[in-house]
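Take a look at the letters that make up each chain.
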Amino acid sequence: MRGTPAFEEDKLHEECGVFGLTLPEGENRDAAYTVYNALFALQHRGQVAAGIAVRRPEGLVLRKGPGLVPEVFSKQTLQKLSGASAAIGHVRYSYEGSDDGNEFRAQPILVHHAAGNMALCYNGRLVNGAQLRMETETRGGIFQIGSDAEIISHIIVREHLRTNTTEDAILNAMHYMIGAYSLVVMDEHKLIAARDPNGYRPLCIGKVGNCWGAASESCAFDALGGHVVRDVAPGEVVVLTPDGPESYSCGIRAKGALCAFELIYFARPDSVIDGVSVDLFRREAGMCLARRNTVKADIVVGVPDSGLSAAQGFATQSGIPYEMGLMKNRYISRTFLNPHPNERRTAVRLKLNAIASTVRDKRIILVDDSIVQGTTAKRLVRLLRDAGAKEVHLKVSAPPFLNPCYFGTYLPDSDKLAAFGRTGEEVCHMIGADSLQFLPVEDLKTIADTLNWGHCDACFTGNYAVPVPRQKG
Ligand code: SF4
């Protein structure tokens, strides 16, 4: 049976953002404050929990908890983390388990083991996490909650007992872990960034003043007044030293598979990922939609925020004027999630409202980044019609979702996806639009060709770069 999700639930959910920074000796900078600021820039990647681990003279120290970055870290909390020579931080979206466990599922995690101490955080999801956990437990390993972060730390610690360094342990561990993981790891001496052999989630390295760091997105370095030096390559482990990065390859040859949805929706438009500007990618998607458009319209309206770049691309290519027809309330917090069913229309209007003077009596091209269950699209069409729009033609800057994601993006079960088992006309009818157009998969492939490495489009095509549960014999 198809349920009716709340407004916020009818969007894809990203899992995490990571950042790490190491200070050269004598550097006059507070590592914890810098990471705190970086997490602000990455807040869009996760709003459920945040954490920072620092390396202080007495050892590794961790603070984390549920909430937005400023809710977790007060001035006093940050002062307790000051004086560090390195720090790593994390923002999290709830994916594994329920929200109740977020305080414990928050990252980084701190591990004390026979060969030393380590703090770790990551973005992604292991496809074989359950199997690795079972194998570890069979050998006597104990888990507190069984999160992927815990599983990864167990594998790294196990390999550390066979190797001399944390980076060698990570390189070994990568041969056991299948799936998506962009890792930032800190031990008593080093800061290390690692990206899975397919490169599902973004990870880049850069500089802030004299300090080297690693981030999920380039916008974090921009916010700190720093700059990106390069992306971490799929399968690469980078040790960030005061003299610069040392690069190692795990030696696994794999198909590049950056999540296409990072470019379509998750990442900030001012980020550059694997050599591609997120804003330009979205504009090009909008231009592709416009080249195939057959509908006559008066204005182009983008759904804030992730539909705006594609809407501008559509307007540029089509010559139809771009207008701000929807206003977003930027002050609705993540706590505003579950309105009473009778109040759902109010919830939508609180979050987004139509600008009636702009949309009244207009034939509108409405551009959004995706349709998941279709409820958001339906409410947006209704909103514009209620405000006097004459026609609403929905253009979606992604292909239709048809398959599950196993790599850290929450997608509802296939039978809940609007496009699963329905024709385009049926989806259009369901959401009440005058017409509906998705970005064809071949256009997505053409735009994504400019990426440094390949991309994943499995939720659209069913072509997974690694074996996934349903494909196993
Ligand atoms: S399946 Fe879709 S959402 Fe998941 S990693 Fe691939 S492109 Fe991204």
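Not measured: the values here are computed from a predicted model.

Undergrad: How should I be thinking about the packing of aromatic side chains in this particular structure?
TA: Each pair of aromatic rings is reported with the distance of its centres and the angle of its planes. Inspection of the entire model under this criterion finds 13 aromatic pairs. An aromatic cluster is present here, built from Phe261, Tyr265, Phe266, Phe401 and Phe460 joined pairwise through their rings. One cation-aromatic arrangement involves Arg133 over Phe143; the distance from NZ or CZ to the ring centre is 5.4 Å. In this arrangement the basic side chain of Arg158 is found over the ring face of Tyr176, its NZ or CZ atom lying 4.5 Å from the centre.

Undergrad: How should I be thinking about unusual backbone geometry in this particular structure?
TA: Leaving glycine out, the prevailing phi sign among residues is negative, and the prevailing peptide bond configuration is trans. In the segment running from Gln107 into Pro108, the intervening peptide bond is cis, with an omega of 0°. With respect to the helices and strands, the residue Pro108 is situated in the loop between helix H4 (102-105) and strand S5 (109-113). Look at the link from Pro304 to Asp305: it is a cis peptide, with omega at -5°. Relative to the helices and strands, Asp305 resides in the loop between strand S17 (299-302) and helix H11 (308-318). The residue Asp274 is not glycine, and still its phi comes out positive at about 50°. Among the secondary structure elements, Asp274 is positioned in the loop between strand S15 (272-273) and strand S16 (276-277). Overall, Asp274 belongs to the buried group, its relative accessible area being 1%. Of note, the phi angle at Asp361 is positive, near 65°, even though the residue is not glycine. Mapped onto the elements of the fold, Asp361 is located in the loop between helix H13 (356-359) and strand S20 (363-368).

Undergrad: It is not clear to me how the sheet that holds strand S21 (residues 391-396) should be interpreted in this structure. Could you clarify?
TA: Across a sheet, strands are paired by hydrogen bonds formed along the backbone, either parallel or antiparallel in direction. As summarised here, the arrangement of the 4 strands in space is S17-S20-S21-S22, forming an open sheet in which the pairing is parallel. Every interior strand has two partners, whereas the edge strands, S17 and strand S22 (435-438), have only one. Within this sheet the neighbouring strands show an average axis-to-axis angle of 20°, counted without direction. Here S21 runs beside S22; their pairing, made up of 4 bridges, is parallel. When the bridges of S22 are listed, Val396 appears paired with Phe438. Seen against the sheet, H11 touches S17, S20 and S21 and runs at an angle of roughly 165° to S17.

Undergrad: Explanation requested: helix H14 (residues 375-386) in the structure shown.
TA: Two residues of an α-helix separated by three or four positions point the same way, owing to the 3.6 residues in each turn. Here H14 contains 12 residues, and its C-alpha end-to-end distance of 16 Å stays within 8% of the 16 Å for a straight helix at 1.5 Å per residue. Turning to H14, its buried residues are Thr375, Thr376, Ala377, Arg379, Leu380, Val381, Leu383 and Leu384.

Undergrad: Any chance you could explain the packing of helix H10 (residues 278-291) against H11 here in plain terms?
TA: Packed helices, taken two at a time, are described by the angle between their axes plus the distance between the axes. Closest axis-to-axis distance for the H10/H11 pair is 6 Å, and the angle between their directions is 45°. Classed by the angle they form, the pair H10 and H11 counts as oblique. For H10 against H11, the interelement crossing comes out right-handed. Mapping the contact onto sequence places Asp279, Arg282, Arg283, Gly286, Met287, Leu289, Ala290 and Arg291 in H10 and Ser309, Ala310, Gln312, Gly313, Phe314, Gln317 and Ser318 in H11. Residue composition of the contact of H10 with H11, by class: 5 nonpolar, 6 polar and 4 charged.

Undergrad: So what exactly am I meant to see when it comes to the site of the ligand here?
TA: Around the ligand lies a shell formed by Arg201, Cys259, Ala260, Cys405, Phe407, Thr409, Cys456, Ala458 and Cys459. Split by residue class, the shell around the ligand holds 7 nonpolar, 1 polar and 1 charged.

Undergrad: Honestly, helix H5 (residues 129-138) in this entry has me stumped. Any pointers?
TA: Among the residues making up H5, those that are buried are Gly129, Leu132 and Thr136. The buried residues of H5 all sit within an arc of 65° when viewed along its axis, so they share a single face. Those residues of H5 that are exposed and aimed more than 90 degrees away from the buried face are Ala130, Met134 and Thr138. After H5 finishes, the residue Gly140 shows a positive phi value of roughly 100°.

Undergrad: What am I meant to see in the nonpolar core here?
TA: The nonpolar side chains of soluble globular proteins are, as a tendency, buried together. Within the largest apolar cluster, 51 residues are counted, with the highest numbers of intra-cluster contacts made by Phe261, Phe401 and Phe407. Those elements giving two or more residues to this core turn out to be strand S14 (258-259), helix H9 (260-266), H10, H11, S20, helix H16 (441-448) and helix H17 (458-461). At 6 residues, H10 tops the list of elements feeding residues into this core. In contact with Phe407, not counting residues within four places along its chain, are Gly124, Arg125, Val127, Gly179, Ala180, Tyr200, Arg201, Tyr464, Val466 and Val468. By size, the runner-up hydrophobic cluster in this structure holds 31 residues, among which are Ile52, Ala84, Val208 and Cys219.

Undergrad: Looking at this structure, how should I read the sheet that holds strand S3 (residues 59-66)?
TA: Spatial strand order, S3-S2-S4-S1-S10-S9-S11: 7 strands in an open sheet with antiparallel pairing. The two strands at the open ends of the sheet, each matched to only one other strand, are S3 and strand S11 (227-231). Averaged over all pairs of adjacent strands, the angle between their axes in this sheet comes to 15°, without regard to strand direction. For strand S1 (residues 16-22) and strand S10 (residues 211-215), the ladder comprises 4 bridges, and the chain directions are antiparallel. The partner of Leu21 across the bridge, within S10, is Gly213. The sheet contacts of helix H1 (residues 31-41) involve S1, strand S2 (49-56) and strand S4 (86-92), and relative to S4 the element is tilted by about 25°.

Undergrad: Sorry if this is basic, but what is going on with the state of the cysteines here?
TA: Linking two cysteines covalently via their sulfur atoms produces the bond known as a disulfide. Under the criterion given, the structure shown has 0 disulfides. Cysteine Cys16 remains unbridged, with the sulfur of Cys121 as its closest cysteine sulfur at 8.4 Å. Cys204 takes part in no disulfide bond, and the closest cysteine sulfur to it belongs to Cys219, at a distance of 8.5 Å. With relative accessibility at 2%, the residue Cys204 sits in the buried group.

Rules used in this analysis
Residues numbered from 1 in each chain as written. Predicted model: local features only at pLDDT ≥ 70, side-chain atom pairs only at ≥ 80, totals over all residues. Heavy atoms only, no water. Phe/Tyr/Trp six-rings, centres within 6.5 Å; stacked < 30°, edge-to-face > 60°. Lys NZ or Arg CZ within 6 Å of the ring centre and 35° of its normal. Helix = DSSP H or I, 4+ residues; strand = E, 2+ residues; numbered from the N terminus. Buried < 20%, exposed > 50% of the residue type's maximum accessible area, 1.4 Å probe, protein only. Pairing = 2+ DSSP bridges. Axes fitted to C-alpha atoms, helices over the stretch in contact; angles between N-to-C directions. Contact = heavy atoms within 4.5 Å. Expected span 1.5 Å × (residues − 1). Parallel < 35°, antiparallel > 145°, perpendicular 65-115°, else oblique. Left-handed = near helix turned anticlockwise from the far one by under 90°. Nonpolar A, V, L, I, M, F, W, Y, C, P; charged D, E, K, R; others polar. Near = heavy atom within 4 Å. Arc of directions from axis to C-beta. Core = buried A, V, L, I, M, F, W, Y, C linked by side-chain atoms within 4.5 Å. Disulfide = S-S within 2.5 Å.

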